[in-house]
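Here is how the chains run, residue by residue.
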Amino acid sequence: MKKIALLCAVLVFSAFAGEPEGQEFDGLLTTPGCAAEGSFSSCYLENYSCGSDGCFRKSEPGSMKKVPLALFQHNTGKTYIVDVTKLKASELGEGYNKNGVVIVGTLDEATNTIHATEFKAPPPPKKSFFKGCL
């Protein structure tokens, strides 16, 4: 009888263990400055290390600055600030300046901030038949 109860408890726990905390938001992961300007494909990667275009000229070499991130949703035109304090910075690198990023978290509507608990990078591009032929 104890084995059956233990087995049921394990099954119930495993069924809920993989559930993400919060709701999913998908879009383009960028900086608030790039989202405000609408410069998505031309947003320089230096924006993710020091905060703005040309900021490397003013910053001390080797110094890191905490740069805010934003999620822009093309279908609604909304931009959300993303609080990534619960995530590892190394995980986010795969999603910088890319579409199809999924942020799981809770939305604070008063500050328009998503408190992220999980990050899902976009899938890699599919191989094209014509790639390399031109």
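No experiment lies behind these values; they were computed from the predicted model shown. (Residues numbered from 1 in each chain as written. Predicted model: local features only at pLDDT ≥ 70, side-chain atom pairs only at ≥ 80, totals over all residues. Heavy atoms only, no water.)

1. Let's talk about the overall build of the protein chain
Phase 1: A count of helices and strands for the protein chain gives four helices and five strands.
Phase 2: Counting only residues that meet the buried cut, the protein chain has 30% of its 134 residues in that class.
Phase 3: Relative to all contacts within the protein chain whose residues are 6 or more apart in sequence, the contacts with residues 24 or more apart total 57%. (Helix = DSSP H or I, 4+ residues; strand = E, 2+ residues; numbered from the N terminus. Buried < 20%, exposed > 50% of the residue type's maximum accessible area, 1.4 Å probe, protein only. Contact = heavy atoms within 4.5 Å.)

2. Observations regarding the side chain of Thr-113
Phase 1: Residue placement: Thr-113 occurs in strand E5 (residues 113–120).
Phase 2: What makes Thr-113 buried here is its relative accessible area of 11%.
Phase 3: Side chain to side chain, Thr-113 and Thr-111 meet in a polar contact 3.1 Å long.
Phase 4: Leave out the neighbours within four places in its chain, and Thr-113 touches Ile-81, Asp-83, Thr-106, Leu-107 and Asp-108. (Polar contact = N/O pair within 3.5 Å; in protein donor to acceptor, adjacent residues only side chain to side chain.)

3. Details of the pairing of strand E1 (residues 23–30)
The side chains of a regular strand alternate, residue by residue, between the two faces of the sheet.
Phase 1: Pairing geometry for E1 and strand E4 (residues 101–108), over five bridges, is antiparallel. Residue pairing for E4: Glu-24 is matched across the bridge by Val-104.
Phase 2: Pairing analysis gives three bridges linking E1 to strand E2 (residues 69–72), with the strands arranged antiparallel. Counterpart to Thr-30 in the pairing with E2 is Ala-70. (Pairing = 2+ DSSP bridges.)

4. Concerning the sheet that holds E4
Phase 1: Strands sit in the order E1-E2-E3-E5-E4 around a closed barrel of five strands; the barrel is mixed. In this sheet, neighbouring strand axes are inclined to one another by 55° on average, regardless of whether the strands run parallel or antiparallel. (Axes fitted to C-alpha atoms, helices over the stretch in contact; angles between N-to-C directions.)

5. Some thoughts on the environment of Phe-25
Phase 1: Among the secondary structure elements, Phe-25 is positioned in strand E1.
Phase 2: Separated by 79 residues in the primary sequence, Phe-25 and Val-104 have C-alpha atoms spaced 6.2 Å apart.

6. Some points on the pattern of salt bridges
Phase 1: Tallied over the full model, the rule gives one salt bridge.
Phase 2: Measuring nitrogen to oxygen at the nearest pair gives 2.9 Å for the salt bridge that ties Lys-120 to Glu-24. Residue Lys-120 is found in strand E5, and its partner Glu-24 is found in strand E1; the two are separated by 96 residues along the sequence. (Salt bridge = Lys/Arg side-chain N within 4 Å of Asp/Glu carboxyl O.)

7. A word on the environment of Gln-23
Phase 1: Topologically, Gln-23 is positioned in strand E1.
Phase 2: A relative accessible area of 46% places Gln-23 in the partly exposed class.
Phase 3: Beyond its immediate sequence surroundings of up to four residues, Gln-23 is in contact with Ile-103, Val-104 and Gly-105.

8. Re the confidence of the model for the protein chain
Phase 1: Counting all residues, the mean pLDDT for the protein chain is 77, and 65% of those residues have values of 70 or more.
Phase 2: Note that pLDDT drops below 50 for residues 5–20; the model gives that stretch two contacts with residues more than four away or on any other chain. (pLDDT = per-residue confidence, 0-100.)

9. Thoughts on the nonpolar core
Phase 1: In this structure, Val-82, Ile-103 and Phe-119 are the most contacted members of the largest nonpolar core, which totals 14 residues.
Phase 2: For this core, the secondary-structure elements that each account for two or more residues are E1, E2, strand E3 (79–83), E4 and E5.
Phase 3: Examining the composition of this core, we find that three residues originate from one element, E5, more than from any other. (Core = buried A, V, L, I, M, F, W, Y, C linked by side-chain atoms within 4.5 Å.)

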